[in-house]
Amino acid sequence: MDRILYTAMSGASQSLKQQEVVSHNLANVDTVGFRAQLHAMRAVPVQGEAAHATRASVVASTPGADLTPGPLMSTERPLDIAVDERGWIAVQAPDGTEAYTRRGDLQIDAAGMLTVIGRPVMGEGGPIILPLEAQVSIGADGTLSAIAPGQGPEALVEAGRIKLVEAAPGDLQRGGDGLFRAPADEEGVVPVLPQAEGMRLASGALEGSNVSPVEAMVSMIDVARRYDMQMKVISTADENAQRANSLLSIQG
């Protein structure tokens, strides 16, 4: 069998995976605080009996996520927040560990817990619980203030502080649940980042997705054409093999 089938197949397989990434990004163009997922491929020379200077397979690499800031949108909603460029909001992941997100459309559930995308927002001592039906405001340092129902401004009390952490590009990795975490150490333990005292946020605003719909559409078309090209190579190799077999049968 012609070895070109394997090299073309590796290219087509990785093109499909890249198409999945592009489709996922495009589906999250309007998702608050979304960070585009990146996909890259690299050539790996074929080894062994099939080795040849011009023969290489394609494998995926894991470049992570695009952490460039998204556009800021004013909402004037008190529970909407946008964090500084290097800042992240600490939340409790489904497994009980601490994870981080840039999404700032906070909600208060029926039990008074402050949440984002259904996950509890972490404070200095754990998940933040607010008085039910209270009027809540958020300060620039993440401090939450609440006024109980029927009370005036003089009844304003501090109700906790959102844990904000600082991380540079490359310090965090996206998990399968869409949340970001620090890389595990040699023993497999995921470290918890400390509170960033100098971190600031803006209340009444949200950060949009950093996915460009135009670039995503162009990338989708490019990947589709690349996949078609690889499939055409496979088809051509199969046709050549059939013709070669026909010639051999005639000579026989």
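The notes below deal with the structure included here. Every value quoted in this text rests on a predicted model; they were computed, and no experiment measured them.

1. Notes on the overall build of the protein chain
Part 1 of the argument: Along its length, the protein chain carries two helices and 19 strands.
Part 2 of the argument: Against the 2.2 N^0.38 benchmark of 18 Å for 252 residues, the protein chain shows a C-alpha radius of gyration of 26 Å, more extended than a compact globule.
Part 3 of the argument: For the C-alpha atoms alone, the extent of the protein chain along its principal axes is close to 100 × 40 × 30 Å.
Part 4 of the argument: Counting every position in the protein chain, which comprises 252 residues, the buried fraction comes to 37%.
Part 5 of the argument: Taking the intrachain contacts of the protein chain between residues at least 6 apart in sequence as the baseline, contacts between residues at least 24 apart amount to 62%.
Part 6 of the argument: In the protein chain, the 19 positive side-chain charges and the 31 negative ones have mean positions that sit 9 Å from each other.

2. A closer look at the sheet that holds strand 12 (residues 135–138)
Part 1 of the argument: One open sheet accounts for three strands, arranged 12-13-14; its pairing is antiparallel. In the strand order of this sheet, the two ends are held by strand 12 and strand 14 (157–161), each with one partner. On average, adjacent strands in this sheet sit at an angle of 30 degrees to one another, irrespective of strand direction.
Part 2 of the argument: Judged from the four bridges that link them, strand 13 (residues 143–147) and strand 14 form a sheet pairing that is antiparallel. Residue pairing across strands places Ala146 opposite Val157, the latter belonging to strand 14.

3. Side note on the nonpolar core
Part 1 of the argument: Core analysis: the largest hydrophobic core is formed by 25 residues, its most contacted members being Ile89, Leu106, Leu114, Val121, Ile138, Leu144 and Ile162.
Part 2 of the argument: For this core, the elements supplying multiple residues, two or more each, are strand 4 (81–83), strand 5 (87–92), strand 8 (114–116), strand 12 and strand 13.
Part 3 of the argument: Ignoring sequence-local partners within four residues, the contact set of Leu106 consists of Arg77, Leu79, Asp80, Ile81, Leu114, Thr115, Val116, Val121, Ile138 and Ile162.
Part 4 of the argument: One finds Leu67, Ala167, Leu172 and Ala182 within the second-largest nonpolar core, a separate group that totals 12 residues.

4. Examining the side chain of Asn25
Part 1 of the argument: Along the chain, Asn25 turns up in helix 1 (residues 4–27).
Part 2 of the argument: Asn25 sits in the buried class, given a relative accessible area of 8%.
Part 3 of the argument: When residues no more than four places from it in sequence are discounted, the contact partners of Asn25 are Phe34, Ala36, Gln37 and Val211.

5. Things to note about the side chain of Gln195
Part 1 of the argument: Its location among the elements puts Gln195 in the loop between strand 17 (180–181) and strand 18 (201–203).
Part 2 of the argument: Apart from the residues lying within four places of it in its own chain, the contact partners of Gln195 are Glu124, Arg161, Ile162, Lys163 and Leu164.

6. Details of the pairing of strand 12
Part 1 of the argument: What you see with strand 12 is a clean split: Val136 and Ile138 sit on the buried side and Gln135 and Ser137 on the side with no burial.
Part 2 of the argument: One ladder, built from four bridges, connects strand 12 with strand 13; its direction is antiparallel. Its bridge partner being in strand 13, Ile138 is matched across the sheet by Leu144.
Part 3 of the argument: The hairpin formed by strand 12 and strand 13 contains four residues between the paired strands, and Gly142 there has a positive phi angle of roughly 95 degrees.

7. Let's talk about unusual backbone geometry
Part 1 of the argument: Despite not being glycine, Ile117 has its phi angle at roughly 45 degrees, a positive value.
Part 2 of the argument: When you line up the elements, Ile117 lands in the loop between strand 8 and strand 9 (119–120).
Part 3 of the argument: Ile117 gets classed as partly exposed once you look at its relative accessible area, which sits at 42%.
Part 4 of the argument: Positive phi, close to 60 degrees, is recorded for Glu133, a residue that is not glycine.
Part 5 of the argument: You can see Glu133 is positioned in the loop between strand 11 (126–127) and strand 12.

8. Observations regarding helix 1
Part 1 of the argument: Between its first and last C-alpha, helix 1 extends 35 Å over 24 residues, near the 34 Å set by a 1.5 Å rise per residue.
Part 2 of the argument: By the burial criterion, the buried members of helix 1 are Thr7, Ala8, Ser10, Gly11, Ala12, Gln14, Ser15, Gln18, Val21, Val22 and Asn25.

9. As for the packing of aromatic side chains
Part 1 of the argument: Inspection of the entire model under this criterion finds one aromatic pair.
Part 2 of the argument: For the pair Trp88 and Phe180, a centre-to-centre distance of 4.9 Å together with 50 degrees between the ring planes defines the contact as tilted. Of this pair, Trp88 sits in strand 5 while Phe180 sits in strand 17; the two residues are 92 residues apart in sequence, bridging distant segments of the chain. Each member of the pair, Trp88 together with Phe180, is buried.

Quick notes on the rules
Residues numbered from 1 in each chain as written. Predicted model: local features only at pLDDT ≥ 70, side-chain atom pairs only at ≥ 80, totals over all residues. Heavy atoms only, no water. Helix = DSSP H or I, 4+ residues; strand = E, 2+ residues; numbered from the N terminus. Rg over C-alpha atoms; globule rule 2.2 N^0.38 Å. Buried < 20%, exposed > 50% of the residue type's maximum accessible area, 1.4 Å probe, protein only. Contact = heavy atoms within 4.5 Å. Lys, Arg positive; Asp, Glu negative; His and termini not counted. Charge placed at Lys NZ, Arg CZ, Asp CG, Glu CD. Pairing = 2+ DSSP bridges. Axes fitted to C-alpha atoms, helices over the stretch in contact; angles between N-to-C directions. Core = buried A, V, L, I, M, F, W, Y, C linked by side-chain atoms within 4.5 Å. Expected span 1.5 Å × (residues − 1). Phe/Tyr/Trp six-rings, centres within 6.5 Å; stacked < 30°, edge-to-face > 60°.

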